Amino acid sequence: MCRLFPHVPPPPLPGSPADPPPPPPAEGLAQLNSNDYLILASTFHSIHAIASRISPVPGSSGVETIEADTFKMTCLQTPTGAFSFI
């Protein structure tokens, strides 16, 4: 028997041991849902892209980190252009 595609196991189910629970929210703050995380990531990406275009410094990579009292958000960009937000 010949297979054209390798077997890829299905992703883990939500709540399984491979999917760690999100950290508890800080006191007085609401828990974020997945849509909130998408909104934050897209807003940060937009700020990052605009800042890299309007920066007076040639070759600037834009905003890389946003820090507040309750969180720190960092944008990592690979040489291929993929973004990761931590």
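So, here is what we can say about the structure in this document. The residue numbers shown here count from 1 along each chain, following its written sequence. Only residues with pLDDT of 70 or above have their local features reported here, since the model is predicted, and side-chain atom pairs are shown and tallied only from 80 upward, although totals for entire chains, interfaces and linings are computed over all residues. Water and hydrogen atoms play no part in the side-chain values, which are based on all heavy atoms of the structure.

Pairing between strands is defined by DSSP: at least two bridges between the two strands are required. For the purposes of this entry, the term helix denotes a DSSP run of H or I that reaches at least four residues, the term strand denotes a run of E that reaches at least two, and both are numbered from the N terminus. Taken together, the three strands give an open sheet; going across it, the order is 1-2-3, and neighbouring strands pair in antiparallel fashion. The open sheet has two edge strands, strand 1 (65-67) and strand 3 (83-85), and neither has a second partner. Taken over all neighbouring pairs, the strand axes of this sheet differ in orientation by 10° on average, direction set aside. Pairing of strand 2 (residues 72-77) with strand 3 involves three bridges; the strand directions are antiparallel. Considered in strand 3, the bridge of Gln-77 is made with Phe-83. Two residues qualify as a contact provided that any one of their heavy atoms is within 4.5 Å of a heavy atom in the partner residue. Helix axes use the C-alpha atoms of the stretch in contact, all axes being lines fitted to C-alpha atoms, and the angles between their N-to-C directions lie in the range 0 to 180 degrees. Along the sheet, helix 1 (residues 34-54) makes contact with strand 1, strand 2 and strand 3, crossing strand 2 at roughly 60°.

The next thing to look at is a nonpolar patch on the surface. Taken together, the side chains of Leu-32, Tyr-37 and Leu-40 define a hydrophobic patch exposed on the protein surface, amounting to about 260 Å² of accessible area. Mapped onto the elements of the fold, Leu-40 is located in helix 1. The cut-offs for exposure are 20% and 50% of the maximum accessible area for each residue type, with area from a 1.4 Å probe on protein chains only; residues under the lower value are buried, those over the upper are exposed, and the others partly exposed. Overall, Leu-40 belongs to the partly exposed group, its relative accessible area being 39%. Exposure above 30% relative accessible area and the absence of a salt bridge qualify a residue for a patch, where like charges join within 9 Å and nonpolar side chains (Val, Leu, Ile, Met, Phe, Trp, Tyr) within 5 Å. In short, Shrake-Rupley with a 1.4 Å probe defines the accessible areas, and a residue's cover is counted only from the protein chains shown. The rule for a salt bridge is simple: a side-chain nitrogen of Lys or Arg has to be within 4 Å of a carboxyl oxygen of Asp or Glu.

With that settled, the discussion passes to the side chain of Thr-74. Note that Thr-74 resides in strand 2. Its relative accessible area of 18% is what places Thr-74 among the buried residues. With residues near it in sequence (within four places) discarded, Thr-74 still touches Glu-64, Thr-65, Ser-84, Phe-85 and Ile-86.

On to helix 1, then. With 21 residues, helix 1 extends 31 Å between its outermost C-alpha atoms, agreeing within 8% with the 30 Å of an ideal straight helix rising 1.5 Å per residue. Burial in helix 1 covers these residues: Ala-41, Phe-44 and His-48. Buried residues of helix 1, seen end-on, are gathered within an arc of 70° and therefore sit on one face of the element. Looking at helix 1, the residues exposed on the side facing more than 90 degrees away from the buried face are Leu-38, Ile-50, Arg-53 and Ile-54. Buried residues along helix 1 sit against strand 1, strand 2 and strand 3. Distance and chemistry together define a polar contact, namely a pair of N or O atoms within 3.5 Å, with one atom able to donate a hydrogen and the other to accept it when in protein, and with adjacent residues in sequence counting only for side-chain atoms on both sides. In this structure Asn-33 caps helix 1, since a side-chain oxygen of it lies 3.0 Å from the backbone nitrogen of Asn-35. Helices are assigned an expected span. That span is 1.5 Å times one less than the residue count. Each direction from the helix axis to a C-beta atom contributes to the arc, which is the arc of those directions.

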